[in-house]
Amino acid sequence: MVSRVIPVESFDLVIFGGTGDLARRKILPGLFRRFCAGQMPEDARILGAARAELDDEGYREFVRDAIVEFDGERPKTCPKLAEFLATLGYVTTDARGEAGWPDLAARLREGRVRAFYFSVGPGLFGDIAERLHRHGMAPRDSRIVVEKPFGRDLETARQLNATLAEHFKEDQIYRIDHYLGKETVQNLMAVRFGNMLFEPLWNSQYVDHIQITVAETVGVGGRGGYYDKSGAMRDMVQNHLMQLLCLIAMEPPAKFDPDAVRDEKLKVIRALEPVEPHHIVRGQYDASEEEGSYRDHAENPTSKTESFMALKTHVSNWRWAGTPIYLRTGKRMKARTSEIAVVFKDTPHSIFGPEAGQHRNVLSIRLQPNEGITLGVTIKEPGPGGMRLVDVPLDMTFADALGPEAEEVPDAYERLIMDVIRGNQTLFMRGDEVEAAWAWTDPIIQGWEARGDVPKLYDSGSSGPEDALMLMHRDGRKWREIKA
Ligand code: BG6
């Protein structure tokens, strides 16, 4: 397979929070990989902007260290590190004061795509947006990129949208949900809308239920302070799992274009039913022999924040009425795995008799690790001895299917940043989508707060609390196994 990397136009990218954790871990190593792949032009310019007192050379050192720390193998296979570092510059900038802004303005070039990455807390969005305007740095075709958390409820999300809207039009605002940048997530759309095979079956007449699992083995680590104020619902469900749910449940858009896709996603979110309290399970991980409990990590001995969340919901529309959707996510679980499983109904009548057993087709879309899609089909168990049925996977692990020559799959951030430069908003959340997601989430959170709900403890390295298993068992269903 021939690699088809199409270089983007030359650009100036300013990263506010350019010395922060996200910049070090994801943004800068990601840009280096795009540079190595030949997608980022050599005359592009990346400017770090933050409070730290650094000069261009100091920032290059900082970025070199970040690349070595987070993608150490790359410089060994890609000899372009020095060239990449030459595209970098730095301006000491005070987001709330005046220092640095004229200097930053002077360093931007005319006639290039101009993008500003707000890799800072949402409390600074307004300050930065206002200064970009006041210093004449944000022409109509410039773009801003903002990170989650986009608010912590509907009210704060509305305020953030309103603040950004004072200075930027919606088509300039790129709200990142990095799950949308994952290869398989886009493949989900290719599979659904590029094949005739699935669409006729993609509804409640044939689909028994859908389950989405995002399980992590890591705990909250050094992020306890942030996480304890968020919990799994705000940190994962309101955004990442919601986006997966939208892509699996939405109607086919008329074209693969930003607003057509986002209009359909919005309809799904607006059709989500409120969740009944007994369809919600919250959990908190307990200590293991090696590691502390959630409460230790969060440094809050009475924390009621959930590190695990499972729930059952419905999309109330013609396509999905009667097909439950189960969502589950948690930290310190058995294995790191993210999977969407579409579980089809039983055949209406089994001609093989009860001994053959009941078998169901499952379409499993694995986001990570081993990205790929598997369709479980039922066949005859080989050999003599009557008609016994067995489920086998029709497996399409992308790495195997596309072969070693296929271009390395870019990380979600790399792809999304290149989309910003290309001016393609398809994989970014629109303001109304984010608000609709909070409008569904808020009453769920308010409900458990009002009930004084305390999350159930679960063992580190397990599949979550027992109650989560019961959520499915009560319906005569079961979760797919969490396995690496
Ligand atoms: C982030 C959450 O958005 O996504 C983290 O804040 C979580 O808590 C992470 O660990 C998971 O992302 P990924 O790409 O590792 O599945």
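Look a little higher up for the structure.
Residues numbered from 1 in each chain as written. Predicted model: local features only at pLDDT ≥ 70, side-chain atom pairs only at ≥ 80, totals over all residues. Heavy atoms only, no water.

Participant: Describe the sheet that holds strand β2 (residues 45-50), listing the residues and the values that go with them.
Facilitator: Pairing between the strands of a sheet comes from backbone hydrogen bonds, and it takes one of two forms, parallel or antiparallel. With respect to topology, six strands assemble into an open sheet ordered β3-β2-β1-β4-β5-β6, the strand pairing being parallel. Here the strands that pair on one side only, and so sit at the sheet edges, are β3 (88-92) and β6 (173-175). Across this sheet, the average inter-strand angle for adjacent strands is 20 degrees, counted without regard to direction. Bridge analysis of strand β4 (residues 113-118) against strand β5 (residues 143-146) gives four bridges, and the strand direction is parallel. Following the sheet pairing, Ala115 is matched in β5 by Arg143. Packing of helix α1 (residues 21-36) onto the sheet brings it into contact with β1 (11-16), β2, β3 and β4, and relative to β1 it is tilted by some 170 degrees. Across the sheet, helix α13 (residues 412-422) touches β1, β4, β5 and β6, and the angle it forms with β4 is around 135 degrees. (Pairing = 2+ DSSP bridges. Helix = DSSP H or I, 4+ residues; strand = E, 2+ residues; numbered from the N terminus. Axes fitted to C-alpha atoms, helices over the stretch in contact; angles between N-to-C directions. Contact = heavy atoms within 4.5 Å.)

Participant: Describe the pattern of salt bridges, naming the residues involved and giving the relevant values.
Facilitator: Here the structure, examined in full by the defined rule, presents 51 salt bridges. For the salt bridge of Asp56 with Arg107, the shortest nitrogen-to-oxygen distance reads 2.9 Å. Here the residue Asp56 occupies a position in helix α2 (residues 56-70), and Arg107 occupies one in helix α5 (residues 101-107), the gap between them amounting to 51 residues. With relative accessibility at 22%, the residue Asp56 sits in the partly exposed group. On the basis of relative accessibility, which here comes to 23%, the residue Arg107 falls in the partly exposed class. Two residues, Arg422 and Asp419, come together in a salt bridge whose shortest N-O distance is 2.9 Å. Remark: Asp419 and Arg422 occur in helix α13; sequence separation between them is three residues, near one turn of the helix. What makes Arg422 partly exposed here is its relative accessible area of 43%. (Salt bridge = Lys/Arg side-chain N within 4 Å of Asp/Glu carboxyl O. Buried < 20%, exposed > 50% of the residue type's maximum accessible area, 1.4 Å probe, protein only.)

Participant: Give a detailed account of the environment of Glu481, specifying residues and quantitative values.
Facilitator: For Glu481, the location among the structural elements is in the segment after α15 (466-473). On the basis of relative accessible area, Glu481 is assigned to the exposed category, the value being 54%. Counting along the chain gives 147 residues from Glu481 to Lys334, while the straight-line C-alpha distance between them is 9.7 Å.

Participant: Go over unusual backbone geometry, please, and point to the residues and values.
Facilitator: If a residue is not glycine, its phi is most likely negative; likewise, a peptide bond is most likely trans. For the bond from Lys148 to Pro149, the omega torsion is 0 degrees, close enough to zero to count as cis. Structurally, Pro149 can be placed in the loop between β5 and α7 (154-165). A cis geometry characterises the amide bond from Gln368 onward to Pro369, with omega recorded as -15 degrees. Mapped onto the fold, Pro369 is located in the loop between β12 (362-368) and β13 (372-380). With a phi close to 50 degrees, Glu299 is a non-glycine residue in the positive phi region. Note on placement: Glu299 falls in the loop between α11 (294-297) and β9 (308-313). Exposure remark for Glu299: the relative accessible area of 72% places this residue in the exposed category. Within the chain, Arg332 stands out as a residue other than glycine whose phi angle is a positive 55 degrees. Among the secondary structure elements, Arg332 is positioned in the loop between β10 (325-330) and β11 (337-344). Owing to a relative accessible area of 11%, Arg332 belongs among the buried residues under this scheme.

Participant: Give me the lowdown on the packing of helix α10 (residues 258-270) against helix α14 (residues 431-451), citing residues and values where you can.
Facilitator: Running from N to C, α10 and α14 point in directions that differ by 15 degrees, and their axes come no closer than 9 Å. The angle between α10 and α14 places the two elements in the roughly parallel class. For the pair α10 and α14, the sense of crossing is left-handed. Counted together, Arg262, Lys265, Leu266, Ile269 and Arg270 of α10 and Asp432, Glu433, Ala436 and Ala437 of α14 form the full contact between these two elements. Tallied by class, residues from the contact of α10 with α14 come to four nonpolar, no polar and five charged. (Parallel < 35°, antiparallel > 145°, perpendicular 65-115°, else oblique. Left-handed = near helix turned anticlockwise from the far one by under 90°. Nonpolar A, V, L, I, M, F, W, Y, C, P; charged D, E, K, R; others polar.)

Participant: Quick one: what's the story with the nonpolar core, residue by residue and with numbers?
Facilitator: Ranked by internal contacts, the top residues of the largest apolar core, which has 138 residues, are Phe16, Leu31, Phe84, Phe118 and Leu132. Considering every element that reaches this core, the biggest residue donor is helix α9 (residues 224-249), with 13 residues. (Core = buried A, V, L, I, M, F, W, Y, C linked by side-chain atoms within 4.5 Å.)

Participant: Describe the site of the ligand, with residues and values.
Facilitator: Near the ligand you find Lys148, His178, Tyr179, Lys182, Glu216, Arg223, Asp235, Met236, His240, Lys331, Arg336 and Gln368, and these make up its full shell. Within the side chain of Lys182, one N or O atom sits 2.6 Å away from an oxygen atom of the ligand. The separation between an oxygen atom of the ligand and a polar side-chain atom of Glu216 is 2.5 Å. Starting from 400 Å² of accessible surface for the ligand in isolation, the protein chains cover 81%. Considering every element that reaches the shell around the ligand, the biggest residue donor is α9, with three residues. In terms of residue class, the shell around the ligand is made up of two nonpolar, three polar and seven charged. (Near = heavy atom within 4 Å. Polar contact = N/O pair within 3.5 Å; in protein donor to acceptor, adjacent residues only side chain to side chain. Areas by Shrake-Rupley, 256 points an atom, 1.4 Å probe, with all protein chains shown as cover.)

Participant: Describe α14, listing the residues and the values that go with them.
Facilitator: Its 21 residues place the ends of α14 31 Å apart at the C-alpha level, agreeing with the 30 Å of an ideal helix rising 1.5 Å per residue. At Thr441, α14 shows its largest bend, some 30 degrees, and a proline, Pro443, comes one to four positions later. Those residues of α14 not exposed but buried are Gly431, Glu433, Val434, Ala436, Ala437, Trp438, Trp440, Thr441, Asp442, Ile444, Ile445 and Trp448. The inward-facing, buried residues of α14 contact α7, β6, α9, α10, β8 (280-285) and β9. Immediately beyond the C-terminal end of α14, within one or two residues, lies Gly452, with a positive phi of roughly 65 degrees. (Expected span 1.5 Å × (residues − 1). Bend = angle between axes of the 7 residues up to and from the residue.)

Participant: Please give an account of the sheet that holds β10 that cites residues and values.
Facilitator: Pairing in this open sheet of nine strands is mixed, and the strands run β14-β13-β12-β11-β7-β10-β9-β8-β15 from one edge to the other. Edge positions in the sheet fall to β14 (389-397) and β15 (456-458), since each of these pairs with one other strand and no more. On average, each strand axis in the sheet is inclined to that of its neighbour by 20 degrees, with strand direction left out of account. As paired strands, β13 and β14 are joined by nine bridges and run antiparallel to one another. Each bridged residue has a counterpart across the sheet, and for Ile379 the counterpart in β14 is Val390. Those strands touched by α9 are β7 (207-215), β9, β10, β11 and β12, and its axis lies near 140 degrees from that of β10.

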